[in-house]
Amino acid sequence: MSVASLDTHGADVAVTAGRDREDIVVGGEIVRHRRSSRFIHFAVAATFIVCLLTGLPIWTPFFTWMATLFGGLSFCRWLHPWAGIFFAVSSLVMFVHWAGQMTFEPGEKSWLSPKRLMSYLEYRDDNTDVGKYNPGQKLQFWCAILAAVGLLASGVVMWFPASFPQIVRELSILLHSLTFILFVMLITWHVYLGTAAEPGTFHSMTRGTVTKAWARLHHPKWYRQVMGLEK
Ligand code: HEM
């Protein structure tokens, strides 16, 4: 059932409020990500996808067919480093935007054990102390930032190979490939959690809002804070 409510002009009140505010209750919903946060997130996601689709055909002939999406391999070779620069810049903006909210609280490390993670995924976790971002999300954030730095540094070396000694070039190829493989695994997991695994989560990045029930289930401490039930 939709929880959207309209103002006297027919505008969706929660979406309007989510243009420049977040962590507020509007009717039956809570604004989780204001418009700027959503825009930054999808700039990172879109540039990442372009990097992926142009990088795979350069990486191995197995993916050469993908190059036709962008008009051929030579265009992919030209576009990939530029998409990488936009990805790095978007990631930097995301870092500045979110770093303050992604610091680990004391006691959150125990949360990261596989056993605990499984009980969270099976909705058996009864920890009422999960704030706006759980420790898994925070770890995901820091891994994504670290990966962006590794991909940028190694990518620049491969872009201008003549400016670097052979050992640096070889290490960069290794670093770029390894980082990219781990990063794709991380993002696949992230997309799964943000869509199929936790219904209602994807809404937070499109519409900006979540239901109160979603907030109470996944982020109980944040729920209590925005509802004014706790300082
Ligand atoms: C392309 C498909 C993607 C989808 C569908 C997606 C989905 C989402 C959703 C729904 C959230 C909100 C989670 C919440 O409010 O609890 C989120 C948050 C986030 N996303 Fe993505 N995302 C995608 C790609 C990416 C990429 C490529 C990166 C980084 C390189 C990324 C980094 C993040 C970070 C750091 C957060 C905040 C922490 C977190 O909630 O995990 N996302 N994403």
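These lines cover the structure that appears in this document, whether it is placed above or below. Predicted, not measured: the structure shown is a model, and the values here were computed from it.

**Concerning the environment of Pro81**
Here is step 1: Mapping Pro81 onto the fold places it in helix H3 (residues 73-98).
Here is step 2: Once the C-alpha coordinates of Pro81 and Gly208 are considered, the two residues, 127 residues apart in sequence, prove to be 31 Å apart.
Here is step 3: If we ignore the near neighbours within four places in the chain, the residues touching Pro81 are Gly155 and Trp159.

**Here's the deal with the site of the ligand**
Here is step 1: Around the ligand, a shell composed of 19 residues is seen, among which Ala45, Phe48, Gln137, Gly194 and Met205 lie nearest.
Here is step 2: When contributions to the shell around the ligand are tallied by element, the ones reaching two or more residues are helix H2 (35-59), helix H5 (135-159), helix H6 (166-197) and helix H7 (202-206).
Here is step 3: Ranked by the residues each element gives to the shell around the ligand, the list is headed by H6, at five residues.
Here is step 4: When the residues that make up the shell around the ligand are grouped by side-chain class, the tally is ten nonpolar, eight polar and one charged.

**Concerning the sheet that holds strand E2 (residues 29-31)**
Here is step 1: Spatially, E1-E2-E3 is the arrangement adopted by the three strands of the open sheet, whose pairing is antiparallel. Of all strands in the sheet, those bounded by a partner on one side alone are strand E1 (24-26) and strand E3 (209-211). Neighbour-to-neighbour, the strand axes of this sheet turn through a mean angle of 35°, independent of strand direction.
Here is step 2: Relative to E2, E1 is paired through three bridges, and the arrangement is antiparallel. Counterpart to Ile24 in the pairing with E2 is Val31.

About the thresholds
- All residue numbers refer to position in the chain's written sequence, counted from 1.
- Local features in this predicted model are restricted to residues whose pLDDT is 70 or higher, and side-chain atom pairs enter the listing and the counts only when it is 80 or higher, whereas totals over whole chains, interfaces and linings include all residues.
- Secondary structure counts use DSSP, requiring at least four H or I residues in a row for a helix and at least two E residues in a row for a strand, with both numbered from the N terminus.
- Here contacts are defined at the residue level, using C-beta atoms placed from the backbone and a cut-off of 7 Å between them.
- Any residue whose backbone-placed C-beta atom lies within 6 Å of a molecule or strand is treated as near that molecule or strand.
- Residues are grouped as follows: Ala, Val, Leu, Ile, Met, Phe, Trp, Tyr, Cys and Pro are nonpolar; Asp, Glu, Lys and Arg are charged; every other residue, Gly included, is polar.
- Pairing between strands is defined by DSSP: at least two bridges between the two strands are required.
- Angles run from 0 to 180 degrees between N-to-C directions of axes, and those axes are lines fitted to C-alpha atoms, restricted for helices to the stretch in contact.

The analysis is restricted to geometry; functional conclusions fall outside its scope.
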